[in-house]
Amino acid sequence: MTKPQRTGDHPVMKDVPVGIQARGQRQEFDSMGTVEVPADRYWGAQTQRSLQHFSIGNDYMPKPVYHAYGYVKKAAALVNAKGGRLDQWRADAIIKAADEVIAGALDDNFPLYVWQTGSGTQSNMNVNEVISNRAIQLLGGTLGKQDPVHPNDHVNLGQSSNDSFPTAMHIATVLAIEDEMLPSIDRFATAIEAKANKWMDVVKTGRTHLQDAVPLTVGQEWSGYAAQVRDAMDVVRHALGGLYRLACGGTAVGTGLNAPEGFSVDIAKAIADLTEKPFVTAPNKFAAQGSLDAMVAAMAAVKGLAVALMKIANDMRWLASGPRCGLGELLLPQNEPGSSIMPGKVNPTQCEAMVMVCIQVIGEENAVTFAGSQGNFELNAMRPIIINNALHSIRIIGDMCDKMRTYSIEGTELNRERIDAAVGQSLMLVTALSPVIGYDNAAHIAEAASANGSTLKDAALKSGKVDEKTFIEVVDPRKLVGKGVQGA
C-alpha cells in the first residue's frame, strides 16, 4: 500500500471497499514473533496461531459472537475517544471497521474454532486484529504493520478478553433471544391459541396415565399447550435480567486495572445505546468474570421451553397416530411421503423434528450447566462451549417453532367422527354418576361394561342403580367439561 495521506498530523480515512486483492502469504507479528498469514485476509498472527493449534472438528465460533464483539469494540472506541484516550481519527477508523463487523461484512475473517482457549482470548484477538488491519487499510497504511492502529493498544484499549468476551456473550445471547427466538415462539403460541379458540366447544376424551379419563374439550387441551409456552417464555424473559449486566470494565480479574475510572458504566451505556437493549454494568465484576451464572440461567430457561415444546409435539403425534389403527383424532398436514417402501404412508415429521430439537437443547443445556460449574477463582474458562451451545439452542428452537407452526400447527384439523366416537365409548363418563349413586356403585357399572363389552348406559340401567332419565341428564359429556365450553 502507499503511505497514508495525512491532514495535519494524522492520516485521512478513505472509502475503501471491504476486501484484500492479494495472493500468497503476508507476514504478521505478535509478542512471540512473526507468522505467515493468508494475504487476502485481515487477521493477524494470534489468529493464525490459533488456527494451527486448535483446528478441532468442524465447530466454528458462532458469527453472532463476532457481531456482538463489534458492538464492544465500537463502544470502547466511542468512550475512549470521548475521554481523550484515543485520537478521534483512530477511533473513527475503528468505529467504521466495527460497524462492518456488526453488519457481517467481515465474516470471512473470523475462522476460529469453538475449541480454543477457555477465556475466548483468541477470538477477542481475532476481532482486534481484523479491526486493526481493516482500520489500517481505511487509513491508507500497510497491513501487518500494526500502525497507525494497533490491535492491543488501540482496538483493545481499556479491555481484557476476560471482561470483553463475557460481554460479547451476553450481547449475542440477548439479541438472539429477543430479536429471533422469542418472536418465533410468540408466533407459535399465537397459532396454538387460534386453534384452541376454534375448538373450544369440541368435546373429546381426556387421557391420564395413557388411559381413558373424563372428557374435556379440544380447545381446553390446546389452551394448556399455549399456556405452557407462554409460561416458559416468561421464564426466558426473566432470565434476560442477568444477561443485561455486562462484565466490561472489569479487565483482567475484575478490578478494572488499566481501564479508566467510570469506563465500565460508560461502555455499558454506549452498548445499550448502540443495541437499543437495556444493558448496564454488572454491579460486581468478580462474579461477572469468575462465573457465567447468567448464561447458565438463560440456558436453563431455554431448556424449559424445550420441555414444553416436546410435550406438545409428542401429544400431537400420538393424537394423529393412525390413520386407521391409532388414535386418529388429529389430521396433520401431509407435507411429504413418509416411507420409501410403504406407498401412501405419511408421517408426523414436524413433530418428530421438534422432539429431536428439544432433545438436542436439553443435552446442550446439560453441558452448559456443567461448564458453568467449572469456574476457578477469578475466571470461568469454559466460555466458548457455553456460548456455542446457547446460541445453537436458541437458533434451532426458534427455527423449529416457525417450521412447525407453518407446516403443522396452522394446517392441523380434527377428525370429528373419531373424536365423537371415542367420547361415546368412554367408560369414564361414569364419574358423573359418583355423586348420585356413590363411587363403588359407579365403579361396578364401569367394570361390568368393560367386562361385557356393553355400553355404559346399558350397564348402568342393568345395575338398577340409576334410571334412564337420570342417566341421560347426568351423563352428558358437554356438562362434564366445565367452563371451557363457550357459553357454558
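For the structure, check the block above.
What you see is a predicted model; the values in this text were computed from it and never measured. Note that residues are indexed from 1 along each chain, following the sequence as it is written. Totals for whole chains, interfaces and linings use all residues, but because this is a predicted model, local features are given only for residues with pLDDT of at least 70 and pairs of side-chain atoms are given and counted only at 80 or more. Values shown for side chains rest on all heavy atoms present in the structure; no hydrogens or waters enter the calculation.

Some words on helix 16 (residues 456-463)
1) Next: Within helix 16 the residues assigned to the buried category are Leu456, Ala459 and Ala460. For helix 16, the angular spread of buried residues about the axis comes to 100 degrees, placing them on one side. Each residue gets one of three labels from its accessible area relative to the maximum for its type: buried under 20%, exposed over 50%, partly exposed in between, using a 1.4 Å probe on protein chains only. Strands are runs of DSSP state E lasting at least 2 residues, helices are runs of H or I lasting at least 4, and numbering of each runs from the N terminus. Throughout, the arc means that of the directions going from the helix axis to the C-beta atoms.

Description of the side chain of Ser184
1) Next: On the secondary structure map, Ser184 appears in helix 6 (residues 161-198).
2) Next: With relative accessibility at 4%, the residue Ser184 sits in the buried group.
3) Next: Whenever a nitrogen or oxygen atom comes within 3.5 Å of another N or O atom, the pair is scored as a polar contact, on the condition that within protein one atom can donate a hydrogen and the other can accept it, and that pairs from neighbouring residues in sequence are kept only if both atoms are in side chains. There is a polar contact of 3.1 Å between the side chain of Ser184 and the backbone oxygen of Glu180.
4) Next: Not counting residues within four places of it along the chain, the set of residues in contact with Ser184 comprises Gly398, Cys401 and Asp402. Between two residues, a contact is recorded if the distance between any of their heavy atoms is within 4.5 Å.

Notes on the packing of aromatic side chains
1) Next: Geometry of aromatic contacts follows a simple scheme: Phe, Tyr and Trp rings, the Trp one being its six-membered ring, pair when their centres are within 6.5 Å, and the pair is stacked under 30 degrees between planes, edge-to-face over 60, tilted otherwise. Enumeration over the complete set of coordinates arrives at six aromatic pairs.
2) Next: An angle of 90 degrees between the planes, with centres 5.2 Å apart, marks the rings of Trp199 and Trp222 as edge-to-face. Note that Trp199 is positioned in the loop between helix 6 and strand 5 (203-208) and Trp222 in helix 7 (residues 218-243), a separation of 23 residues in sequence. Like Trp222, Trp199 is buried.
3) Next: An aromatic cluster is built from Trp199, Trp222 and Tyr225, whose rings are joined through pairwise contacts.

Considerations on the environment of Ile185
1) Next: Relative to the assigned elements, Ile185 resides in helix 6.
2) Next: Under the relative-accessibility criterion, Ile185 is labelled buried at 0%.
3) Next: For the pair Ile185 and Met233, spaced 48 residues apart in sequence, the C-alpha to C-alpha distance is 7.7 Å.
4) Next: Dropping the residues within four chain positions of it, Ile185 is found in contact with Val229, Met233, Leu305, Leu309, Ile397 and Cys401.

Details of the packing of helix 7 against helix 10 (residues 293-319)
1) Next: In this description, a line fitted to the C-alpha atoms serves as the axis of each element, helices being fitted only across the stretch in contact, and the angle between N-to-C directions of two axes falls anywhere from 0 to 180 degrees. In the contact formed by helix 7 and helix 10, the axes pass within 8 Å of each other and the chain directions differ by 170 degrees. Accordingly, the angle class assigned to the pair helix 7 and helix 10 is roughly antiparallel.
2) Next: Note on residue classes: Ala, Val, Leu, Ile, Met, Phe, Trp, Tyr, Cys and Pro are nonpolar, Asp, Glu, Lys and Arg are charged, and everything else, Gly too, is polar. Looking at the contact of helix 7 with helix 10 residue by residue, the classes come out as 21 nonpolar, three polar and three charged. Should an angle lie under 35 degrees it is considered roughly parallel, over 145 roughly antiparallel, and from 65 to 115 roughly perpendicular; all remaining angles are considered oblique.

Concerning the packing of helix 2 (residues 63-82) against helix 6
1) Next: With their axes 8 Å apart at the nearest point, helix 2 and helix 6 run at an angle of 115 degrees to one another. Note that helix 2 runs across helix 6; the crossing there is right-handed. Residue-level contacts link Pro64, Val65, Ala68, Tyr69, Tyr71 and Val72 of helix 2 to Ser161, Ser164, Phe165, Thr167, Ala168, Ile171, Ala172 and Leu175 of helix 6.
2) Next: Of the residues assigned to the contact of helix 2 with helix 6, the class counts are 11 nonpolar, three polar and no charged. Definitions for this section: a left-handed crossing has its near helix turned counterclockwise from the far helix by less than a right angle. A right-handed crossing has that turn clockwise.

Considering the environment of Ala91
1) Next: Locating Ala91 in the fold gives a position in helix 3 (residues 88-103).
2) Next: The buried category is assigned to Ala91, whose relative accessible area is 0%.
3) Next: Taking the C-alpha atoms as reference points, Ala91 and Val155, 64 residues apart in sequence, are found 8.5 Å from one another.
4) Next: In this structure Ala91 touches Ala77, Ala81 and Leu86, once residues within four positions along its chain are discounted.

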